[in-house]
Amino acid sequence: MGGKLIVFEGVEGCGKTSQMQLCSEWLESLGVSVVVTREPGGTELGVHLRRLLLEKSSAQGEPVAEVTELLLYAADRSQHVEQELKPNLAAGKYILCDRYTDSTIAYQGYGRGLNMSLINQLNNIATGSLESDLTIWLDVDVEVGLARKLSDKVGLDRIEQEAIAFHRRVQKGYAELAASYPSRIVRVDGSLSKEAVQELIQEILRVHLHLAR
Ligand code: Z5A
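Let us look at the structure shown here. (Residues numbered from 1 in each chain as written. Predicted model: local features only at pLDDT ≥ 70, side-chain atom pairs only at ≥ 80, totals over all residues. Heavy atoms only, no water.)

Topic: the state of the cysteines
- A full pass over the atoms with the stated rule returns 0 disulfides.
- Cys97 supplies the cysteine sulfur nearest to Cys14, a cysteine that is in no disulfide, at a spacing of 13 Å.
- Accessibility expressed as a relative area gives 3% for Cys14, which makes it buried. (Disulfide = S-S within 2.5 Å. Buried < 20%, exposed > 50% of the residue type's maximum accessible area, 1.4 Å probe, protein only.)

Here we look at the site of the ligand
- Taken together, 29 residues lie around the ligand, and Glu12, Thr17, Ser18, Arg99 and Lys149 are the ones closest in.
- Side-chain polar atom of Arg77 to an oxygen atom of the ligand: 3.2 Å apart, as the coordinates give it.
- Protein coverage of the free-state accessible area of the ligand, which is 1000 Å², stands at 86%.
- Residue assignment for the shell around the ligand shows that the elements contributing at least two residues are α1 (16-29), α2 (44-54), α3 (66-90), α4 (101-111) and α6 (142-151).
- Among the elements that line the shell around the ligand, the one with the most residues is α4, at 4 residues.
- Here the residues of the shell around the ligand are counted per class, giving 7 nonpolar, 9 polar and 13 charged. (Near = heavy atom within 4 Å. Polar contact = N/O pair within 3.5 Å; in protein donor to acceptor, adjacent residues only side chain to side chain. Areas by Shrake-Rupley, 256 points an atom, 1.4 Å probe, with all protein chains shown as cover. Helix = DSSP H or I, 4+ residues; strand = E, 2+ residues; numbered from the N terminus. Nonpolar A, V, L, I, M, F, W, Y, C, P; charged D, E, K, R; others polar.)

What to know about the pairing of strand β4 (residues 134-139)
- Along β4, 6 of the 6 residues are buried, which leaves the element largely enclosed by surrounding structure.
- Both faces of β4 are covered, namely the face carrying Leu134, Ile136 and Leu138 and the face carrying Thr135, Trp137 and Asp139.
- In the sheet, strand β1 (residues 4-9) pairs with β4 via 4 bridges, with the strands oriented parallel. Following the sheet pairing, Glu9 is matched in β4 by Trp137.
- Pairing analysis gives 5 bridges linking β4 to strand β5 (residues 185-189), with the strands arranged parallel. By the bridge assignment, Ile136 is partnered in β5 with Val186. (Pairing = 2+ DSSP bridges.)

Thoughts on the packing of aromatic side chains
- Applying the stated criterion across every chain yields a total of 2 aromatic pairs.
- Centre to centre, the rings of Tyr107 and Phe166 are 6.1 Å apart; their planes meet at 55 degrees, and the pair counts as tilted. Residue Tyr107 is found in helix α4, and its partner Phe166 is found in helix α7 (residues 164-180); the two are separated by 59 residues along the sequence.
- The class of Tyr107 is buried, set by a relative accessible area of 5%.
- Against the face of Tyr181 rests Arg184, its NZ or CZ located 5.1 Å from the ring centre. (Phe/Tyr/Trp six-rings, centres within 6.5 Å; stacked < 30°, edge-to-face > 60°. Lys NZ or Arg CZ within 6 Å of the ring centre and 35° of its normal.)

Shown next as structure tokens:
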């Protein structure tokens, strides 16, 4: 069986982590060898980059410039593709990846308004043009997702603290991406119960990845 790259995307609190966990257990029950990973932070170097990107401010309280942020996500991705994604795909594993290139388009492109052709170029360089086999977009209202995160009482990170208008632009980005790439990106209603969302995801994976019933 060839490896597959399955990416989970969406705004904060859309349920990616919960669904990836359930999905991993289900795939393993089918005898599929699964790797669960994420961006940023899927490699040793990436763990450091994730801390730099998401902590509320740098040690000196210096704001992270927007292009610096973009380059750090690209650096994290490049390392992740080389160290984690390519070897596991070559070994025939199913990779469940929390965020990938569409996050950069949605957050840095739609959210921050950075130049889209620069973002596409960096995504291509960082991935060597490796695309997901399937991307599950968990679609929830921005307010619902942020309320879920607030109720976790772990505090909001640097990006979660952005104004609601920022998160709405990100959401619009996902909607436009899903409309532009209908065979790669599948929308799932993330406002349903965890169990209902998981059922939908399993059905989508069965159909798209030709898994046994
Ligand atoms: N970022 C970027 O800007 N550019 C890039 O290129 C990349 C990333 C790659 C880190 O992402 C940040 O990096 C992110 C974008 C930026 N912005 N921020 N902040 P992250 O994925 O690590 O962080 P996150 O988006 O905040 O995800 P999360 O905290 O891991 O949330 P989640 O995975 O989507 O949801 P969850 O942990 O499964 O669930 C959150 C809560 O909701 C929890 O209490 C659950 O029990 C609850 N939940 C989940 N599903 C449900 C349902 N269906 N009903 C009710 N409650 C639910």
